[in-house]
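# Understanding the architecture of this molecule
Read off the chains here:
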Amino acid sequence: MEHLHPWFIAAAFGVSAVLLVADAVLPRFKFQSILRGILLRERRPSNPERPAP
Amino acid sequence: MNALLLWFHRTGSPPHFDRFTARWMPWCFGLAIALLLIGTWGGLFMVPADYKQGEVFRILYIHVPAAWSAMFIFVAMAVQAFIALVWRIKACETLAVASAPVGAMFAAITLITGSIWGRPTWGTWWEWDPRLTSMLVMFFLYLGVIALHNAIEDRRAAARAACFLALVGVVNVPIVHFSVHWWNSLHQGETIQILSAESRMHYSMLWPLLLTTLATKFWYLGSLLQRARVLNLENESAQPWARALAAGSR
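Residues numbered from 1 in each chain as written. Chains lettered and ligands numbered in written order. Predicted model: local features only at pLDDT ≥ 70, side-chain atom pairs only at ≥ 80, totals over all residues.

### Considering the overall build of chain A
Using the following cut-off: Counting from the N terminus, the helices are the DSSP runs of H or I reaching at least four residues and the strands are the DSSP runs of E reaching at least two. Residue burial here comes from a neighbour count, namely the number of other C-beta atoms, placed from the backbone, that lie within 10 Å of the residue's own C-beta, with 20 or more meaning buried, 12 or fewer meaning exposed, and in between meaning partly exposed.
Scanning chain A for helices and strands turns up 1 helix and 0 strands. Put simply, chain A has 53 residues, and 19% of those count as buried.

Here it is as structure tokens:
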């Protein structure tokens, strides 16, 4: 079993790295999508908050 | 009004909160990544192998800090939830709800890396041991807080329900911590006692663990600020400051 130890270590650190990256990146995407949602709502012609041209 | 209270109220207002999180989040992530890289490098390449476990003991340099952080975040989330429920401070509601996914992520890392360590050391991927089971319960409690927050349509009611579950669930933290003392456990006991600052680990093997532990705390802060910023924008998306922010991001 000892010859497999480096693979176990690589798996543990690899999985942790993937989860940490997902934790850092996914909220960033959500933030960008909320900003895009706000912009789309602003551009909609029926938007009552939109200033008159 | 004293300066601290004034700062607290000002930072709690949504536009200020957004600027505050945007300013401090990169610093927290930057520090966390730097400490994590140095600590991991030390743990993998500079520290000698354990005389009993061999090379596989190096997994503890990510497993132990993740476990400590999972417990720490649950306590922090419960404190934020308590403040949110008692004093009805909206920013604390946001912080408590934003803590749950970060805690769940650290609990998942703890369970997965523990399982990977368990296979060569104990000869099994999983055992219904008190420490492992109570950590799994903690992971499910984190998922419960996230699910409850997403299940209720009224945002304030959802946040309050999630805060209540966080407050009740904190009972599990001492169970996780003391499980190795209260029951006959396969999991090893404490090597490092935080309260008495004692360690049975030699300093030559301890320093990377201290760095990765500090790194996970900064990671929590960075991720908390980032997630709180998302929730803040989501709740305030109709406000002029949010529309100005969206217009500025084009």
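### A few points about the overall build of chain B
Note the threshold: C-alpha atoms define the radius of gyration in this analysis, and the globule rule sets the expected value at 2.2 Å times the number of residues to the power 0.38. Once C-beta atoms are placed from the backbone, any two residues with those atoms within 7 Å are in contact.
If you tally the helices and strands in chain B, you get 9 helices and 2 strands. Of the regular secondary structure in chain B, the N- to C-terminal order runs α-α-α-α-α-α-α-β-β-α-α. For 250 residues, the compact-globule estimate of 2.2 N^0.38 gives 18 Å, and chain B sits close to it at 20 Å. Reported as C-alpha extents along the three principal axes, the dimensions of chain B are approximately 60 × 40 × 35 Å. Counting the 250 residues in chain B, one finds 41% classified as buried. For chain B, long-range pairs separated by at least 24 residues make up 78% of all intrachain contacts whose partners lie at least 6 apart in sequence.

### Remarks on the packing of helix α5 (residues 130-151) of chain B against helix α7 (residues 172-182) of chain B
When two helices pack together, their arrangement is captured by the angle between the axes and the distance separating the axes. All names here are of chain B. Selection criterion: The angle between two axes is taken between their N-to-C directions and runs from 0 to 180 degrees, where each axis is a line fitted to C-alpha atoms and a helix contributes only its stretch in contact. Roughly parallel means an angle under 35 degrees; roughly antiparallel means over 145; roughly perpendicular covers 65 to 115; every other angle is labelled oblique. Each crossing gets its handedness from the near helix: less than a right angle anticlockwise from the far helix is left-handed, clockwise is right-handed.
Remark: α5 packs on α7, axes separated minimally by 8 Å, with the N-to-C direction vectors making an angle of 160 degrees. One element, α5, and the other, α7, form an angle in the roughly antiparallel class. As α5 packs across α7, the resulting crossing turns out to be left-handed. In this structure, α5 contributes P130, R131, S134, M135, V137, M138 and L141 to the contact, and α7 contributes N172, I175, V176, S179 and V180.

### Some remarks on the nonpolar core
Condition: Here, a nonpolar core denotes buried Ala, Val, Leu, Ile, Met, Phe, Trp, Tyr and Cys residues that are linked to one another through C-beta atoms within 7 Å.
One finds B:I59, B:A70, B:M77, B:A96, B:A162 and B:A166 to be the most contacted residues of the largest nonpolar core, which totals 75 residues. For this core, the elements supplying multiple residues, two or more each, are α1 (5-43) of chain A together with α2 (14-46), α3 (60-87), α4 (90-122), α5, α6 (155-169), α8 (203-235) and α9 (240-248) of chain B. It is α4(B) that provides the largest number of residues to this core, a total of 16 residues. With residues near it in sequence (within four places) discarded, B:A96 still touches B:M77, B:Q80, B:A81, B:A84, B:A162, B:C163 and B:A166.

### Looking at the interface of chain B and chain A
Which entries qualify depends on this criterion: Gly falls in the polar group here, along with every residue not listed as nonpolar (Ala, Val, Leu, Ile, Met, Phe, Trp, Tyr, Cys, Pro) or charged (Asp, Glu, Lys, Arg).
At the junction of the two partners, chain B supplies 33 residues and chain A supplies 24 residues. Mapped by element, the contributors of at least two residues to the side of chain B that touches chain A are α2, α4, α8 and α9 of chain B. Looking at which element gives the most residues to the side of chain B that touches chain A, the answer is α4(B), with 10 residues. Looking at side-chain class alone, the side of chain B that touches chain A contains 18 nonpolar, 7 polar and 8 charged residues.

### Details of α6(B)
The criterion, for reference: Helices are assigned an expected span. That span is 1.5 Å times one less than the residue count.
Here α6(B) spans 21 Å end to end across 15 residues, near enough to the 21 Å set by a 1.5 Å rise per residue. Where α6(B) is buried, its residues meet α3, α4, α5 and α7 of chain B.

### Comments concerning the packing of α5(B) against α6(B)
Residue and element names in this part refer to chain B. Close contact between α5 and α6 brings their axes to 8 Å; oriented N to C, the two are set at 165 degrees. As far as their axial angle goes, α6 and α5 are roughly antiparallel. Viewed along their axes, α5 and α6 form a crossing whose handedness is right-handed. Residues L141, G144, V145, L148 and H149 of α5 touch α6, and the partners they reach there are A158, A159, A161, A162, L165, A166 and G169. Among the residues making up the contact of α5 with α6, the classes are represented as 9 nonpolar, 3 polar and no charged.

### Examining the environment of B:W125
All names here are of chain B. By secondary structure assignment, the location of W125 is in the loop between α4 and α5. For W125, a count of 11 C-beta atoms within 10 Å puts it in the exposed group. Residues W125 and M77, 48 residues apart in the sequence, show an inter-C-alpha distance of 30 Å.

### Here's the deal with the confidence of the model for chain B
All names here are of chain B. Stated precisely, the cut-off is as follows: The predictor attaches a confidence to each residue, called pLDDT, with possible values from 0 through 100.
Looking at chain B as a whole, the pLDDT averages 90, with 97% of positions reaching at least 70. Looking at the elements of chain B, mean pLDDT is at its lowest for strand β1 (residues 192-193), recorded as 69, and at its highest for α5, recorded as 96. Scoring of the predicted complex yields 0.91 for pTM and 0.90 for ipTM.

### Quick word on the environment of B:G54
Here B:G54 shows up in the loop between α2 and α3. C-alpha of B:G54 to C-alpha of B:H187: the two residues are 133 residues apart in sequence and 17 Å apart in space. Setting aside its immediate chain neighbours within four residues, B:G54 contacts A:E2, A:H5 and B:A49.

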